[in-house]
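Architecture and fold: a report
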Amino acid sequence: MPKRLAPALVAGLVALVPSAAAGDARVFACEPEWAALAGEIGGDSVAVYSATHGRQDPHYIRARPSLIAQVRRADIVFCSGAELEIGWLPVLMERGARHGVQSGQPGHLMAADHVETLERPERVDRSLGDIHPSGNPHVHLDPRNIALLAVELAGRLARVDPGNAAAYRTRLADFQARWSSATGRWRARAGKLRGMKVVVHHAAWSYLIRWAGLERIATLERTPGVPPTASHLQRLVQQVRKTGATAILHAPHEPKDAADWLSERTGIPVVALPYTVGGQDEAGDLFALFDVTLALLEKARDRS
């Protein structure tokens, strides 16, 4: 078997340009964060394909033939779930996915099914916009969720590829040790950010906000998934001036016009965070994702 690149580098590459390499098990990851985790746990024993890269909005992906071809070959389909991919994943699954990766099978892994989800709506109707009945799907921005999903993924890989089960257990143990150490450092840094007031465009940051103890004081989208209206933004100017904020958080895939408009009128800086692996060049793996995110938040805090 040809020598593979280091897992961190592989994660960065699949996040930027979806591709697969030879391996014993094939993982189709809907988002770069899950491709990165599959690389960490699977190592040389898996071929990882990322359906999206770090600067794409995973809500809005076209179910193109190349994705259908990759799903047909997959032993595990690993996605965020909670309806994040509702506009395209069902089409892929219907057009050729094997039985082993269908819902209820070992090869069907939806991250939101295995962690506590936030913001489950009490009612669902079209007037509420692009809401997710199963809760907020952006679960990867809490490092505790990554730890839980690493265990779940290792178990799934061992079931679909029992010949490499021992290798998956070994890599899981190694990842757990490194992740636990890093999480301890991140927790200490996040403690100094507690109470930091932020404005967001979309609810993509809810898990980071809860974990780091930030305070969301406003959302640019009045209705989830619907561009903010001029009247809503005008109201936000007064709200933000009254309550104060340190930063307007911005993800690579989010439109920037509303954030810039509010920043110009309030003096609050727009802080671009990577959001996922590959969202910025420096965020090439899961560890770097949190390192970079915390460093940018710390910089914004120090400027305020």
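Note: the structure precedes this text.
Along each chain, the written sequence defines residue order, and numbers are assigned to residues from 1. Side-chain atom pairs in this predicted model are given and counted only at pLDDT of 80 or more, local residue features only at pLDDT of at least 70, and totals for whole chains, interfaces and linings cover all residues. Hydrogen atoms and water are omitted, and side-chain values are computed over all heavy atoms in the structure.

It is worth spelling out the state of the cysteines at this point. Our working definition of a disulfide is a cysteine sulfur pair at a distance within 2.5 Å. With the rule as written, the count across this model stands at one disulfide. What pairs with Cys30 in a disulfide is Cys79, and their sulfur atoms sit 2.0 Å apart. Because the torsion about its S-S bond is 50°, the bridge between Cys30 and Cys79 counts as right-handed. Highlighted residues: Cys30 in the loop between β1 (25–29) and α2 (32–42) and Cys79 in strand β3 (residues 76–79), separated in sequence by 49 residues. Segments assigned H or I by DSSP are reported as helices when at least four residues long, segments assigned E as strands when at least two residues long, and all are numbered from the N terminus.

We now examine helix α3 (residues 65–73). Those residues of α3 not exposed but buried are Leu67, Ile68, Gln70 and Val71. What you see down the axis of α3 is that its buried residues fit within an arc of 165°, all on one side. By definition in these notes, contact holds between two residues if any of their heavy atoms fall within 4.5 Å. In this fold, the buried residues of α3 make contact with β1, β2 (46–50) and α4 (89–94). Exposed residues in this analysis have more than 50% of their type's maximum accessible area, buried residues have under 20%, and partly exposed residues fall in between, with area computed by a 1.4 Å probe over protein chains only. Working note: the arc is built from the helix axis to C-beta atom directions.

Turning next to the packing of aromatic side chains. In summary, the pairing rule links any two rings of Phe, Tyr or Trp, Trp by its six-membered ring, whose centres are within 6.5 Å, and it sorts them by plane angle into stacked for under 30 degrees, edge-to-face for over 60 and tilted for everything else. Going through the model one piece at a time under the given rule, you end up with eleven aromatic pairs. Relative to Tyr275, the ring of Trp205 lies with its centre 5.8 Å away and its plane at 90°, an arrangement referred to as edge-to-face. Of the two residues, Trp205 sits in the loop between β5 (197–200) and α7 (206–212) while Tyr275 sits in the loop between β8 (270–272) and α10 (286–303), which places them 70 residues apart along the sequence. The exposure class of Trp205 is buried, given its relative accessible area of 1%. Judged by relative accessible area, Tyr275 falls into the buried class, the value being 3%. On the numbers, 6.2 Å between centres and 75° between planes, the contact of Trp211 with Phe290 is edge-to-face. Note that Trp211 is positioned in helix α7 and Phe290 in helix α10, a separation of 79 residues in sequence. A connected cluster of aromatic rings, assembled from ring pairs, spans Phe175, Trp179, Trp186, Trp211, Phe287 and Phe290.

Helices are assigned an expected span. That span is 1.5 Å times one less than the residue count. Here helix α5 (residues 143–160) is 18 residues long and its end C-alpha atoms lie 26 Å apart, about the 26 Å a rise of 1.5 Å per residue gives. The set of residues buried in α5 consists of Pro143, Asn145, Ile146, Leu149, Ala150, Leu153, Ala154, Arg156 and Leu157.

Two strands form a pair only when DSSP identifies at least two bridges running between them. In spatial order, the strands read β2-β1-β3-β4; together these four strands make up an open sheet with parallel pairing. Only two strands of the sheet have a single neighbouring strand rather than two, namely β2 and β4 (108–110). Strand-to-strand, the axes of this sheet are offset by a mean angle of 20°, without reference to chain direction. Sheet topology places β1 next to β2; five bridges connect them, and they run parallel. Opposite Ala29, over in β2, you have Ser50 as the bridge partner. Across the sheet, α5 touches β1, β2, β3 and β4, and the angle it forms with β3 is around 165°. Whenever a helix is involved, its axis is fitted only over the stretch in contact; in every case the axis is a line through C-alpha atoms, and angles between N-to-C directions fall within 0 to 180 degrees.

Running from N to C, helix α8 (residues 230–243) and helix α9 (residues 257–266) cross one another at 45°; their axes reach a closest spacing of 10 Å. Relative to α9, the element α8 is oriented oblique. When you trace α8 past α9, the crossing you get is right-handed. Contacts between α8 and α9 involve Leu233, Gln234, Leu236, Val237, Val240 and Arg241 from the former and Ala258, Trp261, Leu262, Arg265 and Thr266 from the latter. As a working rule, the residues Ala, Val, Leu, Ile, Met, Phe, Trp, Tyr, Cys and Pro are called nonpolar, Asp, Glu, Lys and Arg charged, and the rest polar, with Gly in that last group. For the contact of α8 with α9, the residue count by class is seven nonpolar, two polar and two charged. The scheme is simple: roughly parallel for angles under 35 degrees, roughly antiparallel for over 145, roughly perpendicular for 65 to 115, oblique for anything else. By the definition used in this description, the sense in which the near helix is turned from the far one sets the handedness, with an anticlockwise turn below a right angle giving left-handed and a clockwise turn giving right-handed.

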